[in-house]
Amino acid sequence: MYTISAISKAEYWRFLLTHSTATYQQTPEWADARRAQWEPELIGWFDQNDSICAAAVLRYRRIPGTNRSFVFIPQGPLLDWSDPEIADQLAALGAYLSSRGVFGVRITPVVTLRKWEAAAVKAGLANPEVDRLLDIEPTEVNTVGFGLRRTLRAAGWREAPDEKHSDASYPRFNFWLNLTGRTEEAVLARMSKTWRNSIRKAERAGLDVAVGSGEDLSVVHRLCEETARRNDFVAHPHNYFKAMWDALGDDFPGHFNLFIAYQDGLAIAANATAQVGSWAQGVFAAKSTERTNARPSNALYWVEIRQALADGAELFDIGGVKDTLHEEDPAAGLVRFKAGLGADAYEYIGAWDLPLQPQMYAAFTRLLPLYASAAARLRSITAGLSTSRHR
């Protein structure tokens with residue numbers, strides 16, 4: 001029997017630092033950064049001994065004019081997904097949310113299904129008959145992940161619809177760089193020759209990587225806008241980066257690092273990482289459309305890896321990709337970039353929804369893509385007006 005109740009920030013962090021797959025997305029600080037879109041709550045699961053055995057940051061989005069809400073739990077909740085009582089813990093979550101007027105909840109657990117080592121991904125990229133990661137024999141299969149899918153379905157959960165623009169979505173395929181017990185030399189040795197040459201080329205090009213600060217947010221925003229235009233997505237507004245810095249930049253109990261690459265005094269790329277415990281994770285990566293031959297992305301990732309090692313990271317999550325290896329698909333270039341770094345590919349269990357009030361949930365999930373698309377267009381228009389004012 002499990003009970004759930006709200007807990008303090010101090011209680012939450014004490015538990016968080018004991019959980020091996022906790023990421024910055026499940027920190028109170030990041031929840032504060034996203035308050036403009038989601039109202040957060042910190043909760044803990046208490047077992048029969050009244051001890052906290054699990055926790056989560058809940059993000060509430062209230063439907064205007066009602067007392068009903070949708071809840072999103074990004075990269076969580078922080079449960080032991082191999083626990084034989086996981087169904088009871090999920091049932092406790094459903095009961096708690098129902099009592100608070102929640103009509104549906106979405107979770108994106110950090111639980112994998114399959115792993116492909118970097119060498120297998122590289123071989124797939126070189127094979128013209130292979131179009132997707134799922135066409136390759138996986139290096140490892142996680143039985144816990146497949147068992148969890150069965151448990152979720154049996155309890156009434158369903159795989160969430162794919163919503164490109166929604167901020168309640170999460171990439172299905174990610175790359176992780178294993179840093180456990182490795183030195184800088186060992187990490188370099190696992191990189192492809194092309195990657196090592198690109199690091200040296202950045203050095204010869206006179207690239208300077210500096211630590212960023214809150215005073216650099218306008219530069220960061222400009223670079224993210226250029227990246228968004230090049231890759232056909234809508235950039236976050238300036239206040240998003242301001243909220244990020246306010247939440248993570250100064251008093252974050254983990255590590256937050258912002259690096260900016262300059263050439264001849266011009267900022268041409270910026271990356272940020274956040275680390276909780278031994279898990280480092282990319283927060284964003286942005287690159288100018290200018291001077292790409294200086295290899296700023298390679299230089300930035302190398303600096304981030306060295307910093308992660310210095311901060312005691314054992315794993316560096318370098319972000320999501322599309323499931324494509326087709327040589328004519330531009331998105332395959334990002335897969336090649338990350339595999340060349342020596343990172344391994346993982347398929348996550350994905351996003352799962354529990355409809356607590358099926359009719360309202362069905363209406364909301366039909367409207368959410370429209371809302372997300374409209375919000376993205378509004379951000380694009382606002383960004384355009386802002387750019388025009390500053391010319």
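Up top is the structure these notes are about.
Now for a look at the structure at hand. A quick note: this is a predicted structure, and the numbers were derived from the prediction, not measured.

Time to look at helix α1 (residues 9–16). Listing the buried residues of α1 in full gives Y12, W13, F15 and L16. Burial along α1 is one-sided: seen end-on, the buried residues are contained in an arc of 160 degrees.

This brings us to the packing of helix α8 (residues 217–231) against helix α9 (residues 238–248). α9 packs onto α8 with a crossing angle of 130 degrees between their chain directions and a minimal axis gap of 9 Å. What the angle tells us is that α8 and α9 run oblique. Here the hand of the crossing between α8 and α9 comes out right-handed. Along its contact with α8, which presents L217, S218, V220, H221 and C224, the element α9 presents H238, F241, K242 and W245. The residue makeup of the contact of α8 with α9, split by class, is 5 nonpolar, 3 polar and 1 charged.

To summarise the sheet geometry, strands pair through backbone hydrogen bonds and adopt either a parallel or an antiparallel arrangement. Sheet architecture is open: 7 strands sit in the order β1-β2-β3-β4-β5-β16-β8, paired in mixed fashion. Strands with a single pairing partner mark the edges of an open sheet, and in this sheet they are β1 (3–6) and β8 (158–159). The pairing of strand β2 (residues 39–46) with strand β3 (residues 52–62) spans 8 bridges and is classified as antiparallel. Within β3, the position partnered with W45 by the bridge is A54. On top of the sheet, helix α5 (residues 143–154) reaches β5 (102–107), β8 and β16 (352–355); it is set at about 20 degrees to β16, its chief contact.

On to the packing of aromatic side chains, then. A complete count under the given rule lists 16 aromatic pairs for this structure. Seen in terms of ring centroids, Y24 and W30 are 5.1 Å apart; in terms of plane orientation they differ by 80 degrees. Their pairing is edge-to-face. When its relative accessible area of 2% is taken as the criterion, W30 is described as buried. For the ring pair Y301 and F337, a centre distance of 5.5 Å and an interplane angle of 65 degrees mean the geometry is edge-to-face. Here the residue Y301 occupies a position in helix α10 (residues 296–310), and F337 occupies one in helix α11 (residues 332–340), the gap between them amounting to 36 residues. Given the relative accessible area of 11%, Y301 is considered buried. The lysine or arginine in question, R61, covers the ring of W38, its NZ or CZ lying 4.0 Å from the ring centre.

Okay, the environment of T27 next. Relative to the assigned elements, T27 resides in the loop between α1 and α2 (28–33). Relative accessible area serves as the criterion here: at 0%, T27 is assigned to the buried category. Through-space distance from the C-alpha of T27 to that of W279 is 13 Å; in sequence the pair is 252 residues apart. Ignoring any residue separated from it by four or fewer positions in sequence, one finds T27 in contact with Y12, W13, L16, V57, F252 and V276.

What counts and what doesn't
- Numbers given for residues are sequential positions, taken from 1 along each chain in its written order.
- Only residues with pLDDT of at least 70 are given local features in this predicted model, and only at 80 or more are side-chain atom pairs given and counted; all residues enter the totals for whole chains, interfaces and linings.
- Calculation of side-chain values draws on the structure's entire complement of heavy atoms; hydrogens and water are dropped beforehand.
- Type-normalised accessible area, obtained with a 1.4 Å probe on protein chains alone, sets the label of each residue: buried when under 20%, exposed when over 50%, and partly exposed for intermediate values.
- By the criteria applied, helices consist of DSSP H or I runs no shorter than four residues and strands consist of E runs no shorter than two, each listed in order from the N terminus.
- Read the arc as the range of directions from the helix axis to the C-beta atoms.
- Lines fitted to C-alpha atoms define the axes, with helix axes restricted to the stretch in contact, and inter-axis angles between N-to-C directions lie between 0 and 180 degrees.
- Each angle receives one of four descriptions, namely roughly parallel if under 35 degrees, roughly antiparallel if over 145, roughly perpendicular if within 65 to 115, and oblique otherwise.
- Handedness of a crossing follows from how the near helix is turned relative to the far one, being left-handed for an anticlockwise turn of less than a right angle and right-handed for a clockwise one.
- It only takes one pair of heavy atoms within 4.5 Å for two residues to be counted as in contact.
- All amino acids are sorted into three groups, where Ala, Val, Leu, Ile, Met, Phe, Trp, Tyr, Cys and Pro are nonpolar, Asp, Glu, Lys and Arg are charged, and the leftover types, Gly among them, are polar.
- By the convention used here, strands pair only if DSSP detects at least 2 bridges between them.
- What counts as a ring pair is set by centres within 6.5 Å for rings of Phe, Tyr and Trp (its six-membered ring), and what kind of pair is set by the plane angle: stacked under 30 degrees, edge-to-face over 60, tilted for all other angles.
- Criterion for a charge above a ring: Lys NZ or Arg CZ within 6 Å of the ring centre, and within 35 degrees of the ring normal.

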